[in-house]
Amino acid sequence: MEIKGGLLKAIKEKVEYTSVEITPDDSEVLVDLKASSLNRRDLWIQEGKYAKIRLPCIVGSDGSGIYDGREVILLPSMKWGSSASHQSTDFEVLGMPHHGCCAEKIAIRPEYIFDKPSHLTHLEAASLPLSGLTAWRALMTQGQAKPDQKILITGIGGGVAGFVLLFAVAHGMEVYVTSSSDNKIARSVALGAVGGENYRNPESYTNLTKAASGFDVIIDSAGGGDFHKLLKIANPGARIVQYGGTQGAMDGISPQILFWKQLTIKGSTMGTREEFANMLEFINLHRLRPCIDKVFPLSEVNQAFDYMKSGSHFGKIVLDHS
Ligand SMILES: NC(=O)c1ccc[n+]([C@@H]2O[C@H](COP(=O)([O-])OP(=O)(O)OC[C@H]3O[C@@H](n4cnc5c(N)ncnc54)[C@H](OP(=O)(O)O)[C@@H]3O)[C@@H](O)[C@H]2O)c1
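From a predicted model like this one, the values you see are computed outputs, not experimental measurements. (Residues numbered from 1 in each chain as written. Predicted model: local features only at pLDDT ≥ 70, side-chain atom pairs only at ≥ 80, totals over all residues. Heavy atoms only, no water.)

Visitor: Explain the domain arrangement of the protein residue by residue, including any values.
Guide: How big an interface is tends to be expressed through the accessible area that disappears when the partners come together. Assigned domains within the protein: domain 1 (2–128 + 290–320) and domain 2 (133–267). Each of domain 1 and domain 2 has a C-alpha centre, and the two are 27 Å apart. Counting residues at the interface gives 15 residues for domain 1 and 11 residues for domain 2. Interface of domain 1 and domain 2: buried area, both sides summed, is about 1,100 Å²; carbon and sulfur atoms make up 63% of it. Together, Leu-128, His-313 and Phe-314 form the three largest contributors to the area buried by domain 1 at its contact with domain 2, with a combined 46%. In this assembly, domain 1 and domain 2 are joined by zero salt bridges. (Domains from an automatic or database assignment. Contact = heavy atoms within 4.5 Å. Buried area = accessible area lost by both parts, 1.4 Å probe. Salt bridge = Lys/Arg side-chain N within 4 Å of Asp/Glu carboxyl O.)

In structure tokens:
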């Protein structure tokens, strides 16, 4: 079957909005996609900075649409396996190598189809799956976050970080953020954060310690040369959850601070079916709405990628398929 979608043919090439032949296998059904959204992963693949790249492929891990008369969203964690603590060696993320969601239709197994929260539009729902699930597992499962605890979220402009903010505020936590942008910090405060610091300011970690007097949970996607500072501002017994390597290797970690404060540094990747279902229940319960930065028509998928590269977004970049 011929559909139109955003196809990446080779690394270092632009995503092209074009006709693509898809062939559902016997276990798959067709979902009409109404909206999709972008993740940093899509850029890493385009730039060749991702493991086991197999192209050509329709990009996009996040989709919302209609299946069998139902409004649905798609779970992007594929072949997770049987262990709740980690994914199997067969694990895949929807949107490479399996054709992704930036297209008119997708062929996918029914086990990856969930009911869309009814209070959300398709555009809002499409912003949710990969970032929301990653945020949920990092915060609730790996971070063991509790109401009234103090939490620091680094790089709040990121898609996942935005969902950590949304969930942590609804969970009754005292939330602080960091960002390269004072404007993004102000927007986070408007969404319920108590305060924040610009990580480009050399005094930012001192100021955070003064403001919060230590953090019980820290959620980080940057890594890099400043990661070791997070151990200094963590409270004894804190959990530091790491889900991204935007700034590369994490040098300078002090073993003395790590063992004396009895800290946990926990890695986190995506999440399970159960975590996805729990996240949807929480979103329905609190009537949460994701933060969308900008909407592009599906036909402008390439312009949406360029906008993500600019780094000016706060929240998700969404594609409207209507
Ligand atoms: N493990 C997983 O399952 C998983 C899932 C999703 C994403 N990830 C990874 O997580 C990272 C973020 O992904 P995303 O989709 O949320 O990306 P994104 O929307 O593109 O956001 C990246 C953000 O990183 C922040 N940042 C850059 N340099 C930083 C620094 N030195 N300190 C703190 N923050 C910094 C920036 O925040 P400001 O704009 O506020 O400065 C930027 O907005 C990527 O590395 C991605 O590959 C991993």
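Moving on, there is more to tell.
Visitor: An account of the sheet that holds strand 4 (residues 57–58) is needed here, citing residue identities and associated values.
Guide: Strand-to-strand pairing in sheets goes through backbone hydrogen bonds, with the strands running parallel or antiparallel. Pairing is antiparallel across the open sheet formed by three strands, whose spatial order is 2-1-4. In this open sheet, the two edge strands, each paired with only one partner strand, are strand 2 (16–21) and strand 4. As paired strands, strand 1 (residues 2–8) and strand 2 are joined by six bridges and run antiparallel to one another. By the bridge assignment for strand 2, Gly-6 is matched with Tyr-17. (Pairing = 2+ DSSP bridges. Helix = DSSP H or I, 4+ residues; strand = E, 2+ residues; numbered from the N terminus.)

Visitor: Break down the environment of Arg-41 for me, citing the residues and quoting the values.
Guide: Note on placement: Arg-41 falls in helix 1 (residues 40–46). What makes Arg-41 buried here is its relative accessible area of 8%. Taking the C-alpha atoms as reference points, Arg-41 and Leu-94, 53 residues apart in sequence, are found 11 Å from one another. Those residues in contact with Arg-41 that sit more than four places away from it in its chain are Tyr-50, Ser-61, Val-93, Leu-94, Gly-95, Met-96 and Leu-130. (Buried < 20%, exposed > 50% of the residue type's maximum accessible area, 1.4 Å probe, protein only.)

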